[in-house]
Amino acid sequence: CVPSSTMTHIVCLSSRPNSLVRVQNYKQACEWGKNTAAGYPSIDIVNAAWVDACIDAGELVTPRAMHIVYATPPTQQRLRSEIDVWGDAYCDDASIQTLTKVFQSIPASPVTPRPPA
C-alpha cells in the first residue's frame, strides 16, 4: 500500500506475520521521515475494529486507543489526553475484556510491610 494525500487511515486486517512486517516497515519509514521525504503523508494504522465502529456509526469516527496499531505523533499526543498510564481510555465503556487487559498491564508492586504497632 502506498499512502496518498487522500488516504485517511491504513487498516491492518490481520495479525499474520506478513502483515505485521508491513506495519513495522511502514512505522519505521514514518519515524525516520522517509515517507514525508518521499512526499507520502504519515498515516495512522488502525485495526479492523475501527472499520466496524465506522459502520456502526454510519460515518468515519475518530480512532480510539483500542483501534490504533500505529499512531503518528499528532495522534499519540491526542491519545495521551484520552488514556491513563495503564492504557485505559477515560471515555470508552469498560468490559470484562478491556478491564482484564488493563489489569494485566499494571505491574505488580511489592507489598510494603507495615511497621509494628
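All values derive from a computational prediction rather than experimental measurement.

1. Quick word on the overall build of the chain
Thought 1: If you tally the helices and strands in the chain, you get five helices and three strands.
Thought 2: Its helices and strands in sequence order give the chain the pattern β-α-α-β-α-β-α-α, from N to C terminus.
Thought 3: When contacts within the chain are restricted to residue pairs at least 6 apart in sequence, those whose partners lie at least 24 apart make up 44%.
Thought 4: Summing over all exposed atoms, the chain offers an accessible surface of approximately 8600 Å²; the carbon and sulfur share of this is 58%.

2. A few points about the pattern of salt bridges
Thought 1: For the structure shown, the criterion picks out two salt bridges.
Thought 2: In this structure, Glu82 and Arg64 form a salt bridge, with 3.7 Å as the shortest nitrogen-oxygen distance. Here Arg64 lies in the loop between α3 (48-57) and β3 (68-70) and Glu82 lies in the loop between α4 (73-80) and α5 (96-105), a separation of 18 residues in the sequence.
Thought 3: Each of Arg64, Arg78 and Glu82 takes part in a single network of salt bridges with overlapping partners.

3. Regarding the confidence of the model for the chain
Thought 1: With 69% of its residues at a pLDDT of 70 or more, the chain has an overall mean of 75.
Thought 2: Least confident of the elements in the chain is helix α2 (residues 34-37), whose mean pLDDT is 55; most confident is α3, at 91.

4. Topic: the nonpolar core
When a protein is soluble and globular, its nonpolar side chains tend to lie buried together.
Thought 1: In terms of nonpolar packing, the biggest core is built from seven residues, these being Ile10, Cys12, Val23, Tyr26, Ile43, Ile45 and Tyr70.
Thought 2: Where this core is concerned, the elements lending two or more residues are β1 (10-12) and α1 (17-31).
Thought 3: In this structure, Val46, Trp50, Ile68 and Leu79 belong to the second largest nonpolar core, which totals six residues.

5. Some words on the sheet that holds β3
Thought 1: In space, the three strands of this open sheet follow the order β1-β2-β3, with mixed pairing throughout. Every other strand in the sheet has two partners, leaving β1 and β3 as the edge strands with one partner each. The mean angle between the axes of side-by-side strands here comes to 40°, regardless of whether they run parallel or antiparallel.
Thought 2: Strand direction decides the pairing type here: β1 and strand β2 (residues 45-47), joined by three bridges, are parallel. Within β2, the position partnered with Val11 by the bridge is Val46.
Thought 3: Of the strands in this sheet, β1 and β2 are in contact with α3, which crosses β2 at around 75°.

6. Some points on a nonpolar patch on the surface
Thought 1: A cluster of nonpolar side chains, contributed by Val11, Leu13, Val51 and Ile55, occupies part of the molecular surface with about 370 Å² of accessible area.
Thought 2: Tracing the backbone shows Ile55 in helix α3.

7. Observations regarding the side chain of Glu82
Thought 1: The exposure class of Glu82 is buried, given its relative accessible area of 17%.
Thought 2: Of note is the side chain of Glu82, whose polar atom sits 3.0 Å from the side chain of Arg78.

About the cut-offs
- Residues numbered from 1 in each chain as written.
- Predicted model: local features only at pLDDT ≥ 70, side-chain atom pairs only at ≥ 80, totals over all residues.
- Heavy atoms only, no water.
- Helix = DSSP H or I, 4+ residues; strand = E, 2+ residues; numbered from the N terminus.
- Contact = heavy atoms within 4.5 Å.
- Areas by Shrake-Rupley, 256 points an atom, 1.4 Å probe, with all protein chains shown as cover.
- Salt bridge = Lys/Arg side-chain N within 4 Å of Asp/Glu carboxyl O.
- pLDDT = per-residue confidence, 0-100.
- Core = buried A, V, L, I, M, F, W, Y, C linked by side-chain atoms within 4.5 Å.
- Buried < 20%, exposed > 50% of the residue type's maximum accessible area, 1.4 Å probe, protein only.
- Pairing = 2+ DSSP bridges.
- Axes fitted to C-alpha atoms, helices over the stretch in contact; angles between N-to-C directions.
- Patch = residues over 30% accessible without salt bridge, like charges linked within 9 Å, V, L, I, M, F, W, Y side chains within 5 Å.
- Polar contact = N/O pair within 3.5 Å; in protein donor to acceptor, adjacent residues only side chain to side chain.

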